[in-house]
Structure formats: structure tokens, C-alpha cells
Amino acid sequence: MRSLAATRRLVSLQRRDFSNNFRIVEVGARDGLQNEKNFVPTETKLELINRLAESGLKTIEVTSFVAPKWVPQMADHKEIVKKIRRLDGVSYPVLVPNLKGLESAIATGKVDEIALFVAASDAFNKKNINCTTDESVQRAAEVAKAALKEGIRVRGYISTVIGCPYQGDTDPREVLKLSEQLLQMGCYEISLGDTIGVGTPGSVAKLLDALKGGVPFEKLAVHFHDTFGQALANTVVSIEKGIRVADSSIAGLGGCPYAKGATGNLATEDLAYMLNGMGLNTGVDLGKLVETGQWICEKMGRQNSSRAASAILNKQAKQKC
Ligand SMILES: CC(C)(COP(=O)([O-])OP(=O)([O-])OC[C@H]1O[C@@H](n2cnc3c(N)ncnc32)[C@H](O)[C@@H]1OP(=O)([O-])[O-])[C@@H](O)C(=O)NCCC(=O)NCCSC(=O)C[C@@](C)(O)CC(=O)[O-]
């Protein structure tokens, strides 16, 4: 017979959904590259996506169907979705800002999942997608409706959930309202974006507590940028609160073109290393991730921002000597 204390512990764990499975949503090919000034050749992007899939990642955001005038790096979106080597069991979503983007994505005949995005700040929405928050919700609703009609799965992003570069701190109640609206539109998951990486375990806990009760946590993901070096700590807090999905970017690539000073996302290698250590199952091969991260950094002539990758590569180099 189980003791009363053990039963209480089990019930409490079940309530908080402490499942051992954790899904990493890889956003390096989109969020990671969109801010790069020099155009990354399409062939390099394709090889990056194919390598990421081979490392065991199950969701890889591959590009965005935004206006090339706004983000020239993503102008090869059609070619990308047509030429990826698709693996069974892997989803390859694309970011879509409006109906025009959705129509282009559908025309490729290859898109079965999209991601919509709105921000919890009028000022950021205006800079990023040239409309107010209310207009962005209306736009997102139209896109979601049209996508779902075509049998396309829809994920939703909320940006600036902690702070906005133009407006300051974000009120968690605004994030709650937007989350409910995105769920009503039919988004299967909401990714909470700390776009400029200002969050701390304190502010992230406050946000998640404000969402508790209003949004099912199994429908939430977190998307941390690492500007202040808080992304891993913020992820741990989110895990403690019951979240089991996080977005990250290989080698910590990235930054938002409309959020000056924001650095890349949490590095996928750092996230995978930490989750392994916490006994959470991601299904990814850390060694392959590290190779891919280093490969893309060498291709782009940039430094690898993953601390775990640098440590692993240093150790390997020493062993060779
Ligand atoms: C939304 C718009 C298009 C509005 O931009 P706009 O200028 O207001 O749009 P418009 O409807 O007036 O059209 C202007 C021109 O763009 C064209 N156009 C219009 N739409 C499209 C389209 N889909 N694809 C291709 N072309 C398009 C349209 O046809 C027209 O062409 P013209 O007649 O001048 O030749 C623009 O502001 C835009 O593309 N913004 C995207 C900015 C962006 O990509 N930001 C980064 C992604 S969000 C992010 O990174 C945050 C996230 C998700 O990662 C989470 C986090 O970290 O918080």
C-alpha cells in the first residue's frame, strides 16, 4: 500500500503535469536568420534545416512568408518549403503575418502548419507589422480561419510578453487576453515570446501565475531571447510551473529586426544539455546539434553563442591533442 504522503506527492505531481517529455521548437532557420544582414544562401538554409531534422528535432520553423521589403533574408521562403528534405514525424511550420502570406504559403502545396504572431504592445506591433494590437488580432483571426479551413495547423506567438523596447513593462493581463483570443481562433499552442530578453525568473513566474486558470498550461510554450543571460533560468521556472515546450535557436542565432539590441534566442544546444541533466526526454542527439551549430556558425562567419557547444567542442579539441 502506498503511504498517504506518497499518494499526496503523486496527486500533486499529476496536477502539475510533470510529464518527462519535452518538445523543443527549433526556430534558428527563421528567428535565427531573419536579422542577418548578409543574405544566407538558400542552399545553406536548406542544409541547416535538413541537419536539424536529422538531429531528432520534431518541430522546425523553417522560414517566414513576410514581405521581402520588410525582411529580405526570408525572401526565398517558397524555395525553402519546396526543397526541404521532409522526414516523417517532423513538422516544418512557417511564420505568416497576413492573408497574402498565407496564400503564398498555401500555393506551394507544402505547408501544413503555420505560426501567427501578435505582440502585447501597440508600439511593437506598429514597428513590426504596421498595425495596432487590435488590428493584429483581427488579421490573425482571418489568417487562422482561412488556414484551418485548408486543414493547416495554427500556432500562435505573443511577442513582448515581459517588456517592449518602445513601451516598457508589459501588463500580464494583456498577455492573458491575447492568449485567450489566440486559443479562440483555434491555435493549438501559444508561444510566449520574451522578444528582447528582459525577463527574469521573477517576472516570468509573475506572468505564468497571471495566466494560470485562464490558459491551459499544456497549450503554452516559452520563447526566450538571451539578451540578459536569463533564458535558461527562465526556462527552469517555466518547467517548474508545468510547461513542457520551449523554442530555441541553434547556436543561439538571432535577434528581431524590429527590436534593436535584442540578441538571439536561447541556444538549442544549451537547452538540450540542461533538459538532459534534468531527466527530461527531448529525443534529440546533442552531439549532432553541436556539429550543426558549429557548421552554420562557420558558414556565416559568426561566433557560436552556445556555452554548452563551446564546452563540448573545447573538450573534443583537447582530447585530440
Ligand atoms: C505585415 C506586413 C506585410 C505589413 O506591411 P505593410 O507595408 O503595412 O503591408 P501592405 O499590405 O501595405 O503591403 C506593402 C507591400 O508589401 C507586400 N506584402 C504584404 N504582405 C506580404 C506578404 N505576406 N508577403 C509578400 N509581400 C507582402 C504588398 O503586396 C505590398 O507590395 P507593393 O505593392 O508595395 O509591391 C509587414 O509589416 C511585414 O512583413 N512584417 C514582418 C516583420 C517581421 O517579419 N518581423 C519578425 C517576425 S516577428 C518575431 O520575430 C517575433 C517572434 C515571432 O519570433 C516571437 C518573439 O521573439 O517575440
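Predicted, not measured: the structure shown is a model, and the values here were computed from it. (Residues numbered from 1 in each chain as written. Predicted model: local features only at pLDDT ≥ 70, side-chain atom pairs only at ≥ 80, totals over all residues.)

**Focus on the nonpolar core**
Right, on to step 1. Residues Val62, Val94, Val96, Ile114, Leu116 and Ile158 are the most contacted members of the largest nonpolar core, which totals 86 residues.
Right, on to step 2. If one sorts the elements of this core by residue count, strand β5 (residues 113-119) sits on top with six residues.
Right, on to step 3. Discounting chain neighbours no more than four positions away, the residues touching Leu116 are Val96, Ala140, Val143, Ala144, Val154, Gly156, Tyr157 and Cys187. (Core = buried A, V, L, I, M, F, W, Y, C linked by C-beta atoms within 7 Å. Buried ≥ 20, exposed ≤ 12 C-beta atoms within 10 Å, placed from the backbone. Helix = DSSP H or I, 4+ residues; strand = E, 2+ residues; numbered from the N terminus. Contact = placed C-beta atoms within 7 Å.)

**With respect to the packing of helix α11 (residues 268-277) against helix α13 (residues 307-320)**
Helix-helix packing is described using two parameters, namely the angle between the two axes and the distance between the axes.
Right, on to step 1. Packing of α11 against α13 leaves a shortest axis separation of 6 Å and a crossing angle of 80 degrees. Classed by the angle they form, the pair α11 and α13 counts as roughly perpendicular. In this structure, α11 contributes Glu269, Asp270 and Tyr273 to the contact, and α13 contributes Arg307, Ala308 and Ala309.
Right, on to step 2. Partitioning the contact of α11 with α13 into residue classes produces three nonpolar, no polar and three charged. (Axes fitted to C-alpha atoms, helices over the stretch in contact; angles between N-to-C directions. Parallel < 35°, antiparallel > 145°, perpendicular 65-115°, else oblique. Nonpolar A, V, L, I, M, F, W, Y, C, P; charged D, E, K, R; others polar.)

**Quick look at helix α7 (residues 133-149)**
Right, on to step 1. Between its first and last C-alpha, α7 extends 24 Å over 17 residues, near the 24 Å set by a 1.5 Å rise per residue.
Right, on to step 2. Looking at the buried side of α7, the elements it contacts are α5 (99-107), β5, α6 (122-129), β6 (153-159) and α8 (172-185).
Right, on to step 3. Looking one or two places after α7, you find Gly151, whose phi comes out positive at around 80 degrees. (Expected span 1.5 Å × (residues − 1).)

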